[in-house]
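Architecture at a glance
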Amino acid sequence: MSLLSNTGALLGKELRTEFRSRELLTTTIVFILIVIVLFSFTFDPTSDESRRFAPGLLWLAFLFASSLMLQPCFLREQHNDTLSALRLSVSDPFAIFLAKLAANTLFLLLTELLLLPLFAVMYNVPVVPVLHWLVLVFFLASFGISIAGTSLSAISAQARMRELLLPLLMLPLLTPILVASTEVTKSLFDRAPFVQWKGIGFLAVFDVVFLTALWLFGEYLLEE
Amino acid sequence: MTPPAFSLVGLRFENIDKRYGGLLALRAVSLTIQPGECVVLAGRNGSGKTTLLRIAARLARPSRGTMSFSGQFSGEEAAAIRPGFVAHATMVYDELTAEENLLLFSRLQNVPQPGNRVEALLHEVGLSDRRSSLVRTFSRGMRQRVAIARALLHEPSVLLLDEPATGLDPQGVSWLAEAIRRLRDSGRTILMSLHGESEISSLGTRAIRLDAGSVAADTRTGATFRSILTFADA
């Protein structure tokens, strides 16, 4: 019970600070926007090319943007040593991770859904008929990215060269998510769309495995 | 497990070493602090005061030895004891207001009637009229007042203060001394690091000087007490 109430209080703090400054959301949205627009102008893909390449481009953009978004996740807690205050206050340190990964998932999902219409127009891919499936893929992939990214952010925040370390650790680890979500999205953008259950199952398993690992070992990531 | 309601709590450090890479910050520190003692930790910069306080707060794990709380409570209750800690850093969020910070931490610590408690503390630290201002707009002294209020939110049995007067004006120091006196008289165990003699150090019932990570002096008597604070015996 205290895990849930602690998580709720911390999630409220994460949302309040972000919606007050909008630093993370603005940076991430602008980054993805630039990638999508530049790629479209540079290659001017046909409809068939878009169906083949756009899902990969979309998920690469999301992945790189998420490394930007997740960087300050624990770095911000170092500024006034607020992480120590949190560790002294919560009864279960997992609440700190749960709140952060819930907030990061929400921010990523929001960014993805805001940019989806622009992506559909620029790459001429029909998203409306498969929107509910896309939302499912976005959620599963964003959750996986947030779990791994939040954990690695806790590690990299305590290291030297912390700004470089997170992408170096995170991008290779998230390659399976990139591949699976690209494949599922590609199947949804097909001329005869279909749901690739294998990919969706993989994303769900990835999320469960990494969340369990975080629950078991997360406490050690917060220690000095 | 919920922590015990206010009870007399002591601290026991047994043969503590703390190593940061190649640096040995604490060497074989063994100390027993009785419940209700008000201990002043003195020592030069880098002598290990902050490290000892962070180990007492269970924010840092000793490389060797153990730190435990002693008193009339079970092992499970001891594990749930949360000392109030005022550190060098303010440990509050600049992007939140003073009131939002205190409400957040009171909710995390399951403080009963958090609104009333926060209201009372804001009044006590003299920030009632700035409750809705973001902490980043505060001076260093005002931030320190928020930090002290945060540490007192859950009425801790053990209070750990790392140079608590940092940034406070003379009025603030007097207020802090009065607050520490009240806490000491109510039976709280207090361990605080200070530099030199002050209104606050005079509240101590025991003085310990650390030197290069080891206990160099430890006394409860008047003349030696003063010499520890002023390094006259060093």
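Please refer to the structure higher up on the page.
My aim in this report is to walk through the structure given alongside it, one point at a time. Source: prediction; values computed, not measured.

This part is about the sheet that holds strand β5 (residues 84-86) of chain B. Residues and elements named next belong to chain B. The six strands are arranged β5-β6-β7-β3-β8-β9 in an open sheet whose pairing can be described as mixed. Each having just a single partner strand, β5 and β9 (214-219) make up the two edges of the open sheet. Within this sheet the neighbouring strands show an average axis-to-axis angle of 15°, counted without direction. Of the pairings in the sheet, the one linking strand β6 (residues 158-162) to strand β7 (residues 189-193) comprises five bridges and is parallel in character. The residue bridging V158 from the neighbouring strand is T189, located in β7. Packed onto the sheet, helix α5 (residues 140-152) meets β5 and β6 and runs at close to 165° relative to β5.

Residues and elements named next belong to chain B. Taken in spatial order, the three strands of this open sheet run β2-β1-β4, and their pairing is antiparallel. Looking at strand neighbours, the two that pair on one side only are β2 (23-33) and β4 (64-71), the edges of this open sheet. Taking the axes of each pair of neighbouring strands and ignoring which way they run, one obtains an average angle of 15° across the sheet. Here strand β1 (residues 9-20) pairs with β4 via seven bridges, running antiparallel.

Let us now look at helix α10 (residues 197-221) of chain A. Because the α-helix completes a turn every 3.6 residues, residues three or four places apart line up on one side. Residues and elements named next belong to chain A. Across its 25 residues, α10 extends 34 Å between first and last C-alpha, which sits within 8% of the 36 Å expected from 1.5 Å per residue. The set of residues buried in α10 consists of G199, I200, L203, F206, D207, L214 and G218. In the core, the buried residues of α10 are packed alongside α6 (94-123), α7 (131-156), α8 (162-173) and α9 (175-188).

What counts and how
- Residues numbered from 1 in each chain as written.
- Chains lettered and ligands numbered in written order.
- Predicted model: local features only at pLDDT ≥ 70, side-chain atom pairs only at ≥ 80, totals over all residues.
- Heavy atoms only, no water.
- Pairing = 2+ DSSP bridges.
- Helix = DSSP H or I, 4+ residues; strand = E, 2+ residues; numbered from the N terminus.
- Axes fitted to C-alpha atoms, helices over the stretch in contact; angles between N-to-C directions.
- Contact = heavy atoms within 4.5 Å.
- Expected span 1.5 Å × (residues − 1).
- Buried < 20%, exposed > 50% of the residue type's maximum accessible area, 1.4 Å probe, protein only.

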